[in-house]
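Fold and contact review
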Amino acid sequence: MSGTDRSQAAGAVPDSNPGLAAVASAYQRFEPRSYLRNNYAPPRGDLSCPDGVGPWKLRCLAQTFATGEVSGRSLIDVGSGPTIYQLLSACAHFEDITMTDFLEVNRQELRLWLREEPGAFDWSVYSQHVCLIEGKGESWQEKERQLRARVKRILPIDVHRPQPLGAGGLAPLPADALVSAFCLEAVSPDLASFQRALDHITTLLRPGGHLLLIGALEESWYLAGEARLAVVPVREEEVRQALVRSGYEVRDLRTYTMPAHLRTGVDDVKGIFFTWAQKKVAV
């Protein structure tokens, strides 16, 4: 996983901004399968160790959805990359899920899994683990069937545009909730761009709606095949401050320190953050 779920290449934009243009150009070399091998196959993809990064992320998501507070009709996954694990606990609580990514290669990877096509990445170990920690007696096959049924569309997105999904209106807006994993810091050349990207995706969310955000702490680069991609290093307090500036109440903020055996040379990530934030209602 890690600074890492960078799969979440959700965007880069205006050619007038050299930093954003450079990000967009770098992501054209992004290789989804290399990224998946680096982060979702062992050792990082080994879910048998409860202290591993994969179980930690899945536990944060499952525990938050178990509160029953994060629910509704529609959810948008911002910068899905080639991964689906971030929605395994969400799919029981939302009937209309939109997945998104800046890169067509990532959107194609998602279609392979959703259509159960030959060669799709095998997420069954993740699905089994989520069923285990949720403890509802659900089979992993039922879990995957439900997620496939509730993902209604896969759309292009660019978090650096004021209208990240464009003006076409293909997704129901505003959404009741947003999920975003390893996206904003991975596609922002600096903290100011990170803040603006957060502001932009917040426009997709209804007042009172919830944002579940996962990202890398103090990471400056990661690999996805031939691509070496820059990341804006963020600290826990900077994430908290950015959320407050974008109009959120921070409900929960947790961090994970990447252990030495999971520092495999595919990035320089120091840790991971998970936050549950609620968009304030204007008074």
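The rules behind each value
- Residues numbered from 1 in each chain as written.
- Predicted model: local features only at pLDDT ≥ 70, side-chain atom pairs only at ≥ 80, totals over all residues.
- Heavy atoms only, no water.
- Disulfide = S-S within 2.5 Å.
- Buried < 20%, exposed > 50% of the residue type's maximum accessible area, 1.4 Å probe, protein only.
- 1 Å grid on protein atoms, 1.4 Å probe; cavity = no way out; pocket = protein on both sides within 12 Å on 5 of 7 lines; lining within 4 Å.
- Points joined across faces, edges and corners; volume = space filled by probe spheres on them.
- Nonpolar A, V, L, I, M, F, W, Y, C, P; charged D, E, K, R; others polar.
- UniProt positions renumbered as here; feature names shortened; annotations may be inferred.
- Helix = DSSP H or I, 4+ residues; strand = E, 2+ residues; numbered from the N terminus.
- Pairing = 2+ DSSP bridges.
- Axes fitted to C-alpha atoms, helices over the stretch in contact; angles between N-to-C directions.
- Contact = heavy atoms within 4.5 Å.
- Phe/Tyr/Trp six-rings, centres within 6.5 Å; stacked < 30°, edge-to-face > 60°.
- Lys NZ or Arg CZ within 6 Å of the ring centre and 35° of its normal.
- Parallel < 35°, antiparallel > 145°, perpendicular 65-115°, else oblique.

**Considerations on the state of the cysteines**
- Per the counting criterion, the structure on display carries zero disulfides.
- Not part of a disulfide, C49 finds its nearest cysteine sulfur in C60, a span of 15 Å.
- Not part of a disulfide, C91 finds its nearest cysteine sulfur in C131, a span of 8.8 Å.
- Using a relative accessible area of 0% as the deciding quantity, one classes C91 as buried.

**Considering the layout of surface pockets**
- The computed volume of the largest pocket comes to approximately 160 Å³.
- L165, G166, A167, G169 and L173 are, among the 13 residues lining the largest pocket, the residues nearest its centre.
- Residues that form the lining of the largest pocket fall into these classes: nine nonpolar, four polar and no charged.

**Focus on the UniProt feature "binding site: S-adenosyl-L-methionine" (unreviewed entry) in the protein chain**
- Per the UniProt record, "binding site: S-adenosyl-L-methionine" (unreviewed entry) is annotated on Y35, Y40, G79, S80, Y85, D101, N106, D158 and V159. What stands out for the annotated residues spanning 125 residues is how far apart their C-alpha atoms range, the widest pair being 24.6 Å apart.
- Within the secondary structure, Y35 sits in helix α2 (residues 32-40).
- A relative accessible area of 0% places Y35 in the buried class.
- Position of D158 relative to the elements: it lies in the loop between β3 (151-156) and β4 (175-181).

**Points about unusual backbone geometry**
- Cis geometry is adopted by the peptide bond preceding P43, which originates at P42 and carries an omega value of 10°.
- The residue P43 is located in the loop between α2 and α3 (53-66) in this model.
- With an omega of -5°, the peptide bond running from L173 to P174 counts as cis.
- Following the sequence through the fold, P174 ends up in the loop between β3 and β4.

**Description of the pairing of strand β1 (residues 74-77)**
- Of the two faces of β1, the one lined by S74 and I76 and the one lined by L75 and D77 are each fully buried.
- As defined by bridge partners, β1 adjoins β4 across three bridges and the pair is classed as parallel. Looking at β4, one finds that I76 is bridged to L178.

**As for the sheet that holds β1**
- The seven strands lie next to each other as β3-β2-β1-β4-β5-β9-β8, forming an open sheet whose pairing is mixed. Strands with a single pairing partner mark the edges of an open sheet, and in this sheet they are β3 and β8 (248-257). Neighbouring strand axes in the sheet, compared pairwise and without regard to direction, differ in orientation by 15° on average.
- Here eight bridges tie strand β5 (residues 205-217) to strand β9 (residues 271-279), and the two strands are oriented antiparallel to one another. What sits directly across from L211, in β9, is A277.
- Those strands touched by helix α4 (residues 104-114) are β2 (96-101) and β3, and its axis lies near 165° from that of β3.
- Sitting on the sheet, helix α8 (residues 236-245) touches β5, β8 and β9, and the angle it makes with β8 is about 160°.

**Description of the packing of aromatic side chains**
- Tallied over the full model, the rule gives 13 aromatic pairs.
- Through a chain of ring-to-ring contacts, three or more aromatic side chains come together here, namely Y27, F30, Y35, Y40, Y85, F121, W123, Y126 and Y222.
- A cation sits over an aromatic face here: R148 above W113, 3.8 Å from the ring centre.
- Stacked on the ring of W221, the Lys or Arg R228 has its end atom at 4.1 Å from the ring centre.

**Section: the packing of helix α5 (residues 124-134) against helix α6 (residues 140-150)**
- Viewed as axis vectors pointing N to C, α5 and α6 meet at an angle of 105°, and their least axial separation amounts to 8 Å. Comparing the axis directions of α5 and α6 gives the class roughly perpendicular. Between α5 and α6, the contacting residues are S124, S127, Q128, V130, C131 and E134 on the first element and W140, K143 and E144 on the second.
- Residue composition of the contact of α5 with α6, grouped by class: three nonpolar, three polar and three charged.

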